Every structure is written in C-alpha cells, then in structure tokens.
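Each chain, letter by letter, is given below.
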Amino acid sequence: QTTGLVGLAVTENPHERLRILYTKILGVLQNIPKDAAYRKYTEDIVNQRFNLVQTETNVEKLQDKLNSGHIEEVILQAENELSLARKMIQWKPWEPLVEEPPSDQWRWPI
C-alpha cells in the first residue's frame, strides 16, 4: 500500500494519530492568551477537524470532508501546527513590541 507521494508512508491508524495530535495542539494553545488571534483561529480550525475525525470513521470520506489532501498530508500538517504552536509560546507575538518600529519601515521603494 502506498500514498503515491514520495517520502510519505501510509499511516496505519490515521484517526488515532490525528486525535492525539489535535489533543496536543489544543493543550498547547491553552498556554496562549485567549484574545490572541493565533489561538482563536487555530482553535477554531483544530476543533472543526477534530470533530470530523471523531464523527467520520471512513478514511476516504474523512479526507474528502477535510479537503486538505491525503490523510497522511493532514497528519503532517497537524504535526507542523503542533511544532508551530510550541514555538509561538516561546516567541509571544501577542506581546507589545520592545521598541517602536521605524516610521518608514513599510514604505517602498525607499
């Protein structure tokens, strides 16, 4: 059995893998302020996908409902999101800037 995608092996139990990843992502997001945009939008997406994983038992139908490629690609996306969520906690982009940016920072051409 193959995914047809180079370097991406078939996942034996995609539902369980996604449940674990989505649970971890939601747990990490609890460490981010509730009003942070990243938390709000990521929680919305993850909760929608998590609900689909819990309600749809057929892998092919789940792929179609998620509309994000092969289920293995969805798992890879979830792994990347978990990694990003952990980095966001370190970066704290919701905090104010340390210093004001230059007034012409976004002016182009200079």
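Sequence order sets the numbering: in each chain, residues are counted from 1 along the sequence as written. Local features in a predicted model are, by the rule used here, given only for residues with pLDDT of at least 70; side-chain atom pairs are given and counted only at 80 or more, and totals for whole chains, interfaces and linings are based on all residues. Values reported for side chains reflect all heavy atoms of the structure, with hydrogen atoms and water molecules removed beforehand.

J.: Explanation requested: the overall build of the chain in the structure shown.
T.: Runs of H or I in DSSP of at least four residues are treated as helices and runs of E of at least two as strands, each being numbered from the N terminus. Counting secondary structure elements, the chain contains 4 helices and 0 strands. Shown N-terminal to C-terminal, the secondary structure of the chain runs as helices and strands in the order α-α-α-α. Throughout, radius of gyration means the C-alpha value; the globule benchmark is 2.2 Å times the number of residues raised to the power 0.38. Expected size for 110 residues packed as a compact globule is a radius of gyration near 13 Å; at 18 Å, the chain overshoots this value by more than 25%. Counting only C-alpha atoms and orienting by the principal axes, one finds that the chain spans roughly 55 × 35 × 20 Å. Taking all 110 residues of the chain together, 31% fall into the buried category. We call two residues in contact whenever any of their non-hydrogen atoms come within 4.5 Å of each other. Sequence-distant contacts in the chain: of pairs separated by 6 or more residues, those separated by 24 or more amount to 63%. Total accessible area on the chain is roughly 8,000 Å²; 51% of this is exposed by carbon and sulfur atoms. Buried means the residue's accessible area, taken with a 1.4 Å probe over protein chains only, is under 20% of the maximum for its type, while exposed means over 50%, and partly exposed covers the values in between. Shrake-Rupley sampling with a 1.4 Å probe provides the accessible areas, and residues are treated as covered by the protein chains on show and by no other component.

J.: Sorry, what's going on with the pattern of salt bridges here?
T.: Pairs can form between side chains of opposite charge whenever their charged atoms are close. For salt bridges, the criterion is a side-chain nitrogen of Lys or Arg within 4 Å of an Asp or Glu carboxyl oxygen. Tallied over the full model, the rule gives 4 salt bridges. A salt bridge links Glu-16 to Arg-19; the shortest N-O distance between them is 3.0 Å. Of this pair, Glu-16 and Arg-19 both sit in helix α1 (residues 14–29), 3 residues apart, which is roughly one turn of the helix. Note that Arg-39 is salt-bridged to Glu-43, the shortest N-O span being 3.2 Å. Residue Arg-39 and its partner Glu-43 are located together in helix α2 (residues 37–55), separated by 4 residues, close to a single helical turn.

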